[in-house]
Structures are given as C-alpha cells and as structure tokens.
Amino acid sequence: MPPAEQQRANQLLALARERFDPTLRTIEEQVLVQSCRHGDPSERTVATTLELASTGRPLPGWQGPELRPELIRWLLTDPQASALLDSGGLRVWNARLSSPLDLSDCRISARIELRYCLCTGPILLHDGDVRGLYLLQSTLQQGIQAIHVHIQETFYLEDVVIDGEVQFDTARIDGRVYMLRTEFIGTGAAHSFSRAVIQDDLLFTPDFRCAGSLRLSAARVGGALSLQGATFAADEGIVAIDKAQIQGSVYLIGLKSSIEVNLAGAEIGGGLDCSAANLTQLTLDEAKVRDDVRLTDGFQASGMVRLQDAVIDGQLNCDTARLLATHTALVLDGAKVRGHVMLTSGFEAVGMVRMMGIQIDGQLNCSNAQLKCTDDALVLVHAKIATDIFLNSFCCAGCVRLFGAEVGGSVECTGAQFTKPGDVLRFDAAKILGTVSLDANFGSGNVGMPHTVIGGQLDCRCALLQSLWCDGMQLDGELLWFNLQNPHQTKLSLSGATIKRIIGKAEDWPAPGNLYVNGLEVEEIEILRPPEDRLSRDVSLEQVPLDGAARIAWLNLQGERNRVEPQPWFFLAKQLEQKGQTQEAKRAIFELRRHQSNAQWKKHPLLRRFAILFGRLEEQPLRILYPILLLTLLSGSLFLHYDAHFAETSESAYRATHAPHAQAEASYPKFQPFVYALENILPVVRLGQEDHWAPDPAHTAPRLYWTLVSLHWFLILSGWVMGGILAAAVSARFRT
C-alpha cells in the first residue's frame, strides 16, 4: 500500500474510533482501509470473496462478517471522514448488513460501491443526493427505497439479486442506469421509476429478470431504454412505460414477458425494436415513435398488440411476427405511419387485424401473410394508404374489409387464397386510384365492390371466384374477365356500375342467370379472338368489340326476373343508334318487350304470344304489312273464285248488266277481287271497289252469300283491329 494511502487509512481509522466507535470490527476496519486505497482490493481479499457462494454472490442466510450500516452513514456524511476517501469512493466488499442502510436526506459526495454483500434490510435513499451507486455480486433481501433521490453519476447493478421492491419514483439520475444480469425476485413486487429523470441510457440488460411489475410511467430518459434479453415472469402486473419520454431508441429485443408491456402515450425519439420478443400483450396507444417500429424475427404475442392512435415516423415492420390472440390480434385504429406497414414473410395472426382509420404514407404489404381469423380477419375501414396494398400470396380464413378506404396506388391480390365461404373481400365505397388485381390463381368466395371508385383496371384473369359484386362501382379502366377457373359457377353483378370497357372471352361469361347488369353503363364490351394463349397477359392486339347481336346475347345471360328491367336494353339501343346500327337497336328493344311479355303473361300462353308479336311490331311497324298482305291474298283469291257472285251496287249499272241481252256499261269500274279485299282491310282508304261492288243476293245461294258478306265484315273488322294495334305500337315506339 503506498505511503500516502496508508497515511489516509490510519487517519480514517483514528477518526472512526474517535467519532463513531472506539471498538471497530475487523470487517469495518477493512472497509475503511479499502476505501482509502486506489484500485480494487488485494488478490487475497478477492479470493476470500469467491468462497461465499458458487453463484458469485452471497446467498440468503449467509453468515459473513457483519458490518454496521451506521458506520457507512457516518463515513459518508462526516465531512472530515469523507474527505479522506479515495476518488473511487466507499467500497464495501464481502460484508453482511443485517439492518437497514439508511442514507435518506443525506448529501453524499463520494461514490458508493457494495460488492459481494448481503443486505438483509433495505437500502434507503429517500431525498438523498449521492455521487454514484454501484451494487455488484450482491443480494438485497428488502430492496432499495430511493424516492426523489439524486444520483450525480451512474446507478450500476451487476449480478445482483433483489427480493424486495426497487423504488426510484421522481428520482433524478445524471448518468446511466445499468442493470446487468440483475434479478428482481420478489413475486408480485412493484418496482418503479415513475416520473424519474435519467439523463442518459436506462439499460435493463443483459439477462435482467423480474418476478413482479416494473413501472417507468412518465419517466424521462435522455438516452436509450433497453430491456434486451430481459425476462418478466410474474403472474400478474405490468411493464408500464406509458407516457414516458425517451430521447433515444427503445430496445425490447428478445424480451420475454408474461405480463403486459405498456408504452401508451410514450414519446420515443428513436425507434422501437421488439425483434424476437415473446410477449403477453403490447400496448402502444397514442405513442409517438420517431423512427421504425420492429416486431420482427419471430416476434410473438399471446395477447393483443395495440397501436391505436399511435404516430410512427418510420416503418411498422411485422415481418415473421406471430400474433396469437384469438379475438383481436393487432389494433392500429387511427394510427399514422409515415413509412410502410409490413406484415409479410410469414406474418401470422390468429385473431383480427384491425386498422380502422389508419393513415399510411407508404404501402401496406401483407404478401405471404397468414390470417387465421374466420370472421373479419383484416379490417381497413376508412383507412388511407398513400401508395399500394399488396396481398400477394396472402392466405386468409376470414374476410378483408376496406369499407370507405382510400388507396393512392393499386390493390394487388395476385395468388391470394381465401378459405372462408361467403364474403371474403369487401371494398364498399372505397376509392382506389390504381388497379385492383385479383389475377393469377386468386382464389376466394364472394368479392364485393359496391360503390367503389377504381382509377385503373379491375383484373380478374385466372381468378377463382364464387361471385363478384360491383353494384354502383365506377371503373375508369377495363374489367378484364377471362381465363377464369370456374366462370360458369361465378356470379357477376355490375348493376348500376359505370365502366369504361369490359374485355372478356365468350366461354368465360357467367352462366345464364348469373349476370346482373341493371343500371350498368359501359362504353364498350370487347372479346378476345380465339385462339388465344391462356397464359398470355397481353391482350392489346387480340380484342374486338362485340356486335349488336352479341351484346344482346350477353344481356340475355341475366336471370329471368332481371331481363325485364329496361335500362340495360335502352342503354344498349342508344349506343347502337349512335353507331348507326339502327336495326340492332330495334332488336334490343324487341328483346326487352319479349322478356316483359314472357314475364307478364307467363300463365297465359296465347296472350304471351300476342304480346311478343306486339313487341316485334313495335320494333318494326312495317311488319303490320305481313298480315295485311296475307289477308289480301287469301280473301282476294276467294273473291276471284266467286267473282260471278258479285254485282254492281249502282241500280242502273245492275239493270244494264243483268237485263236480257244487256251489256255492261263501259264506264263502270270493273271488279278487282284483290283491290276489293285490300280496301276492306284498310280503314278509311278508298280504292273505288267497295262503293261499286258487293255480293249479289239475287244470283247467289244464301249460304254462299252470307259467307261472302261475313268475310267482307271480317276484313273490315280485322283492318280496324290491325290499325289500332299499329297505332299502339307506333305510340309505344315514340314513348320508348
């Protein structure tokens, strides 16, 4: 021992005997001497300490040399005594303190170091002011009570076991806090640094273990907070970091906790890294994180992970995470994420993933994720995503809902698989600026897009669908509908939709009864020319518009009840008229009338047939000439055969013709049987036959006479009937 150190030691021993106790114990003398030396105690002393226990620290019940805590208090508070200490401060090695070490309200200018010590009573530092506190390889059976303490340098624990509570509420620590290989073994104990101010890092690592709660509520940390590799094995309690302000990052890497980890309202100046953590529940409601949040590398939570109303300035990365909560696994309602949200690379959630009202300035990527909830598996109601949503190779047992969502890019579901029957993908009232891709072996149940606005394409190539409901949708691009895996079992509803173009293949249209298009407005429907490579995705050079007949056949794929709705037929007729296809336009109207007649007179075949004929007449009024010509030919032929039984209606002409040796007047019109028949059929029209000729009762058998008269009136009546029908048809045509 150097002479100067020996001199200080002798002075300190003499001062202690004078002011504290004339009879000092051996361990007390050792402490006084050690505290005057520079550097660690001698090798001989170290060897002695290693004999305390195989753990490297004393075990409870250890009967080592007993040191009176009162000596420590006197030594640290007596100005003359503390001035003799080495710059390393007070060093207590290999001692047992069987009563409380009370340093409350003390102003201590020296560092305090306890190593290889057993403290059966608590360490009390309430309202104290300590230069530094170092506890190494020691056991504290009743904890540390240090509320409102001020530690000017570092608070350092290494290989320490604490059975009681550790209380540092409202403490101020100007340096770092280290807790290396430290264990808080008190079951259910509540350890707290609430409202504490720590100017540098707060490190519970590595191998920190706790059997109770840990509270850092409203604490302020000037550096990083690390619980990397820590373990919380309490049956109840919480790791509360809520409303804390942490200037650096928070590291929960490899953390294992059986109780909730709560960072609600925390402000983190760096990132939050929970990689490989295994938690019961993680709460980040209203937290603010200035960098990335990482729940990666096998992160696992048996309970809910909540980030409601959280603000994340970086990415939220949950790649490979496993969320095992059965009801709701992940909550991001109202959260704001400045970067991407990544739920990829085998991300797995047993319960619901809920992102209602979330705002994502990047993309939402769920490619290769597995969502096992059989109810609503992914909820994005009123979400706002600045770029794309990726659900490629996505596997989902429930339904994905994007009610009212706004997507600045595309929604890609290429190769996604939905195993639930019924609704699996709902875009109700969503706004998507890019393309929606349900292609490349997309497999699902019912996909609904009512009142959705899509700025790009809706791509259903090679998809497996039970139904696609697009009622009221606005599609500014094309609907690609071909190479479907089960087209004839798929229902397609485009009722009320507005679509720029539909591109499909004839063999991929839905089966009759599975198409719904009432209210649809589509600029063009185009079909691919066969043959066409079923794997080809380039259709730009192979599509041709459907002609009128094909469009009518397409509308006839509607169900029987829907075919009577007029809008699709009138819209088609208007389009055909604009293209100059007048006959096809008339044909479309006739198809509508035919379906309406079939529906209205379904139980009356004769009336149904009449209504169909009326529809054909409305389509082309000149078709009335067919029955007129038929009646004219038939009745005219009959009148020609019996022309001898017709006589002049003029009495003078009749006498001139039928008197003996008389000759017919040369100026009298001759009888024309076909003109006579036509004049009877056409109302109002006068051709000069009916006024000059009639059946002759005098020279005709009564039966034949009345037959000719009846035919005459039948033709007149038929003419009026056909005239009325024609007028009704023309009127209906103008109304149409």
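Scroll up to find the structure.
Residues numbered from 1 in each chain as written. Predicted model: local features only at pLDDT ≥ 70, side-chain atom pairs only at ≥ 80, totals over all residues. Heavy atoms only, no water.

Q: I'm lost on the overall build of the protein in this one. Help?
A: A tally of helices and strands in the protein yields 13 helices and 71 strands. Counting all 736 residues of the protein, 54% fall into the buried class. A fraction of 44% describes how many contacts in the protein between residues 6 or more apart in sequence connect residues 24 or more apart. Carbon and sulfur atoms make up 52% of the accessible area of the protein, which amounts to about 31,200 Å² in all. (Helix = DSSP H or I, 4+ residues; strand = E, 2+ residues; numbered from the N terminus. Buried < 20%, exposed > 50% of the residue type's maximum accessible area, 1.4 Å probe, protein only. Contact = heavy atoms within 4.5 Å. Areas by Shrake-Rupley, 256 points an atom, 1.4 Å probe, with all protein chains shown as cover.)

Q: Any chance you could explain the packing of aromatic side chains here in plain terms?
A: Any pair of aromatic rings gets described here by the distance separating the centres and the angle formed by the planes. Counting across every chain of the model gives 19 aromatic pairs. Between Tyr-156 and Tyr-178, the aromatic rings sit 5.4 Å apart at their centres with planes inclined by 55°, giving tilted as the arrangement. One end of the pair, Tyr-156, is in strand β11 (residues 155–158); the other, Tyr-178, is in strand β15 (residues 177–180), and 22 residues separate them in sequence. For the pair Tyr-156 and Tyr-178, one class covers both residues: buried. (Phe/Tyr/Trp six-rings, centres within 6.5 Å; stacked < 30°, edge-to-face > 60°.)

Q: In this structure, what is going on with the state of the cysteines? I would like to understand it.
A: Where two cysteines share a covalent bond between their sulfur atoms, that bond is called a disulfide. Counting across every chain of the model gives zero disulfides. The cysteine Cys-366 is free of any disulfide, with Cys-318 supplying the nearest cysteine sulfur at 9.5 Å. We note that Cys-396 lacks a disulfide partner, and the nearest cysteine sulfur, in Cys-399, lies 7.5 Å from it. (Disulfide = S-S within 2.5 Å.)

Q: In this structure, what is going on with the side chain of Ser-249? I would like to understand it.
A: Structurally, Ser-249 is set in the loop between β26 (245–246) and β27 (250–251). For Ser-249, a relative accessible area of 18% gives the class buried. Side-chain polar atoms of Ser-249 contact the backbone nitrogen of Gly-271, separated by 3.0 Å. In this view, Ser-249 contacts Ala-224, Leu-225, Ile-268, Gly-270 and Gly-271; residues no more than four positions away in its chain are not counted. (Polar contact = N/O pair within 3.5 Å; in protein donor to acceptor, adjacent residues only side chain to side chain.)

Q: Sorry if this is basic, but what is going on with unusual backbone geometry here?
A: Comment: phi is negative for the bulk of residues other than glycine, and the bulk of peptide bonds are trans. Omega for the bond connecting Thr-205 with Pro-206 falls within 30 degrees of zero, at -5°, which places this linkage in the cis form. Inspection of the secondary structure puts Pro-206 in the loop between β19 (202–203) and β20 (209–210). Of note, the phi angle at Ser-393 is positive, near 55°, even though the residue is not glycine. Looking at the secondary structure, you find Ser-393 in the loop between β51 (389–390) and β52 (395–396). For Ser-393, a relative accessible area of 42% puts it in the partly exposed group.

Q: Just checking my understanding: could you explain the pattern of salt bridges for this structure?
A: Any two side chains of opposite charge can pair, on the condition that their charged atoms come close. Under the definition given, this model contains 34 salt bridges. Among the ionic pairs, Glu-66 bridges to Arg-96, the shortest N-O distance being 3.8 Å. With Glu-66 in the loop between α3 (43–49) and α4 (69–77) and Arg-96 in strand β2 (residues 96–97), the pair connects residues that are 30 residues apart, well separated along the chain. Look at Glu-66 and you get partly exposed, because its relative accessible area is 28%. The buried category is assigned to Arg-96, whose relative accessible area is 14%. The partner of Asp-376 in a salt bridge is Arg-401, with the nearest N and O atoms 2.8 Å apart. Separated by 25 residues along the polypeptide, Asp-376 in strand β49 (residues 376–379) and Arg-401 in strand β53 (residues 399–401) bring together distant segments of the chain. A relative accessible area of 17% means that Asp-376 is categorised as buried. Linked by salt bridges that have partners in common, Arg-290, Asp-313, Arg-338 and Asp-361 make up one network. (Salt bridge = Lys/Arg side-chain N within 4 Å of Asp/Glu carboxyl O.)

Q: I keep staring at helix α6 (residues 548–555) and nothing clicks. Help me out?
A: Along an α-helix, residues three or four apart share an orientation, since each turn contains 3.6 residues. Residues of α6 that are buried include every one of Gly-548, Arg-551, Ile-552, Trp-554 and Leu-555, and no others. An end-on view of α6 places all buried positions within 155° of arc, on one side of the element. Packed against the buried residues of α6 are β66 (498–504), β67 (515–516), β68 (521–528), α7 (566–578) and α8 (582–600). (Arc of directions from axis to C-beta.)

Q: Any chance you could explain the side chain of Asn-365 here in plain terms?
A: Within the secondary structure, Asn-365 sits in strand β47 (residues 364–365). Those residues within four positions of Asn-365 in sequence are excluded, and the remaining contacts are Val-341, Met-342, Leu-343, Thr-344 and Phe-390.

Q: Would you take a moment to explain the environment of Leu-378 for this structure?
A: Position of Leu-378 among the secondary structure elements: in strand β49. For the pair Leu-378 and Val-400, spaced 22 residues apart in sequence, the C-alpha to C-alpha distance is 4.7 Å. Dropping the residues within four chain positions of it, Leu-378 is found in contact with Val-353, Met-355, Cys-366, Leu-371, Leu-391, Cys-399, Val-400 and Arg-401.

Q: Is there a simple way to think about the environment of Gly-303 in this case?
A: Mapped onto the fold, Gly-303 is located in the loop between β36 (300–301) and β37 (305–306). Between the C-alpha atoms of Gly-303 and Leu-279, which are 24 residues apart in sequence, the distance is 7.6 Å. Aside from chain neighbours lying at most four places away, what touches Gly-303 is Leu-279, Thr-280, Ala-325 and Ala-329.

Q: Which parts of the structure should I look at to understand the packing of α7 against α8?
A: When two helices pack together, their arrangement is given by the angle between their axes and by how far apart the axes lie. The geometry of α7 relative to α8 is characterised by a closest axis approach of 7 Å and an angle of 170° between their N-to-C directions. On the basis of the axis angle, α7 is roughly antiparallel to α8. Contacts between α7 and α8 pair Pro-566, Trp-569, Phe-570, Leu-572, Ala-573, Leu-576 and Glu-577 from the former with Thr-582, Glu-584, Ala-585, Ala-588, Ile-589, Glu-591, Leu-592, Arg-593 and His-595 from the latter. Of the residues in the contact of α7 with α8, the class split is 10 nonpolar, two polar and four charged. (Axes fitted to C-alpha atoms, helices over the stretch in contact; angles between N-to-C directions. Parallel < 35°, antiparallel > 145°, perpendicular 65-115°, else oblique. Nonpolar A, V, L, I, M, F, W, Y, C, P; charged D, E, K, R; others polar.)

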